[in-house]
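# Structural overview for review
So you can see what is in the structure, the chains are spelled out below.
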Amino acid sequence: DLDNIPQDGRVILAGNHTSIMDPLLLITATKRSIHFLAKDELWHGPKKIIFANMGLIPVNRRVKDTNALNSAINCLNNELVIGIFPEGTTEKGRGLLPFKIGAVKMAHATHAKIVPFVIKGKYRLFSRNLSITFLKPIMVNSDDLSSQNDMLRMTIKNKMEE
């Protein structure tokens, strides 16, 4: 299913968020460089040096962060790949949380393809039950971003339940 990730052009990888290790799984599973949106708390203290040089885009999750959105749109307009976890957190009980609308908003603004992905399994040393599946790319073809966001979430949720 790696064939579902276009080799060039603007792409948004959007999927479920199970662990802080998810970005590393995405990086190792794809050949393209990924610019992730990540919580701005990662830029505090000594971690700032590491994360500031990794192509990450800080997001202030306490407000609607237009700076993060504009930075991600700029990346997409330069034909790059954005990685995003629309749930916004790994902190959850059971099931898939509602999606924040950023992925769909970026896709609509830039005509980028969204490649949904699903992560299943646990991160355990020598475990073979961890997997990532990339689904067929989708385009946001409507101005009704809320329904497009719901469709993206249901696409991922349905694959998670298979």
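Below: a short report on this structure. (Residues numbered from 1 in each chain as written. Predicted model: local features only at pLDDT ≥ 70, side-chain atom pairs only at ≥ 80, totals over all residues. Heavy atoms only, no water.)

## Some words on the overall build of the chain
- Tallying secondary structure elements over the chain gives five helices and six strands in all.
- Taken from the N to the C terminus, the helices and strands of the chain come in the order β-α-β-α-β-α-β-α-β-β-α.
- Relative to the globule expectation of 15 Å for 162 residues, the C-alpha radius of gyration of the chain, 15 Å, shows essentially globular dimensions.
- Counting only C-alpha atoms and orienting by the principal axes, one finds that the chain spans roughly 40 × 40 × 30 Å.
- Here the analysis covers contacts within the chain between residues at least 6 apart in sequence; of these, 64% occur between residues at least 24 apart.
- For the chain, the computed accessible surface area is about 9,500 Å², with 54% contributed by carbon and sulfur atoms.
- Across the chain, 22 positive and 15 negative side-chain charges occur, with their mean positions spaced 5 Å apart. (Helix = DSSP H or I, 4+ residues; strand = E, 2+ residues; numbered from the N terminus. Rg over C-alpha atoms; globule rule 2.2 N^0.38 Å. Contact = heavy atoms within 4.5 Å. Areas by Shrake-Rupley, 256 points an atom, 1.4 Å probe, with all protein chains shown as cover. Lys, Arg positive; Asp, Glu negative; His and termini not counted. Charge placed at Lys NZ, Arg CZ, Asp CG, Glu CD.)

## Notes on a nonpolar patch on the surface
- A cluster of nonpolar side chains, contributed by Ile20, Met21, Leu24 and Ile27, occupies part of the molecular surface with about 390 Å² of accessible area.
- Tracing the chain through its elements places methionine 21 in the loop between strand E1 (11-15) and helix H1 (22-29). (Patch = residues over 30% accessible without salt bridge, like charges linked within 9 Å, V, L, I, M, F, W, Y side chains within 5 Å. Salt bridge = Lys/Arg side-chain N within 4 Å of Asp/Glu carboxyl O.)

## Notes on the sheet that holds strand E4 (residues 81-84)
- With mixed pairing, the six strands of this open sheet are ordered in space as E3-E2-E4-E1-E5-E6. Both outer strands of the open sheet, strand E3 (57-59) and strand E6 (131-134), are each paired with one neighbouring strand and no more. Averaged over all pairs of adjacent strands, the angle between strand axes in this sheet comes to 25°, irrespective of strand direction.
- With three bridges joining them, strand E2 (residues 34-39) and E3 adopt parallel strand pairing. When the sheet's bridge partners are listed, lysine 39 is paired in E3 with valine 59. (Pairing = 2+ DSSP bridges. Axes fitted to C-alpha atoms, helices over the stretch in contact; angles between N-to-C directions.)

## As for the nonpolar core
- Grouped together as the largest cluster of nonpolar side chains are 26 residues, with contacts concentrated most on Ile12, Leu37, Ile82, Met106, Ile114 and Leu152.
- When contributions to this core are tallied by element, the ones reaching two or more residues are E1, E3, helix H3 (66-77), E4, helix H4 (102-110), strand E5 (113-120) and helix H5 (145-160).
- Sorting elements by how many residues they give to this core places H3 first, with five residues.
- Discounting residues that sit within four places of it in the chain, isoleucine 12 has contacts with Leu76, Ile82, Ile84, Ala103, Met106, Ala107, Ala112, Lys113, Ile114 and Val115.
- In terms of nonpolar packing, the next biggest core, distinct from the first, is built from 19 residues, Ile34, Ala38, Leu42 and Val115 among them. (Core = buried A, V, L, I, M, F, W, Y, C linked by side-chain atoms within 4.5 Å. Buried < 20%, exposed > 50% of the residue type's maximum accessible area, 1.4 Å probe, protein only.)

## Observations regarding the packing of H4 against H5
- Orientation of H4 relative to H5, taken along the N-to-C sense of each, is 120°, at an axis distance of 9 Å. Considering the angle they form, H4 stands oblique to H5. Between H4 and H5 lies a crossing of right-handed hand. Contacts from Ala103, Val104, Lys105 and His108 in H4 reach Leu145, Gln148, Asn149 and Leu152 in H5.
- For the contact of H4 with H5, the residue count by class is four nonpolar, three polar and one charged. (Parallel < 35°, antiparallel > 145°, perpendicular 65-115°, else oblique. Left-handed = near helix turned anticlockwise from the far one by under 90°. Nonpolar A, V, L, I, M, F, W, Y, C, P; charged D, E, K, R; others polar.)

## A closer look at the packing of H3 against H4
- The N-to-C vectors of H3 and H4 enclose an angle of 45°; their axes lie 10 Å apart at closest approach. Between H3 and H4, the angle falls in the class oblique. You can see that H3 and H4 cross each other, and the crossing is right-handed. Where H3 abuts H4, its residues Leu69, Ala72, Ile73, Leu76 and Asn77 lie against Gly102, Lys105, Met106, Ala109 and Thr110.
- When grouped by side-chain class, the residues that make up the contact of H3 with H4 number six nonpolar, three polar and one charged.

## Let's talk about the pattern of salt bridges
- A full pass over the atoms with the stated rule returns six salt bridges.
- The partner of glutamate 79 in a salt bridge is arginine 10, with the nearest N and O atoms 2.6 Å apart. In this pair, glutamate 79 is assigned in the loop between H3 and E4 and arginine 10 in the segment before E1, connecting sequence segments 69 residues apart.
- When its relative accessible area of 36% is taken as the criterion, glutamate 79 is described as partly exposed.
- With a shortest N-O distance of 2.9 Å, lysine 159 and glutamate 162 are connected by a salt bridge.
- Shared partners join several salt bridges into a network, and the residues in it are Asp40, Glu41, Arg61 and Arg62.

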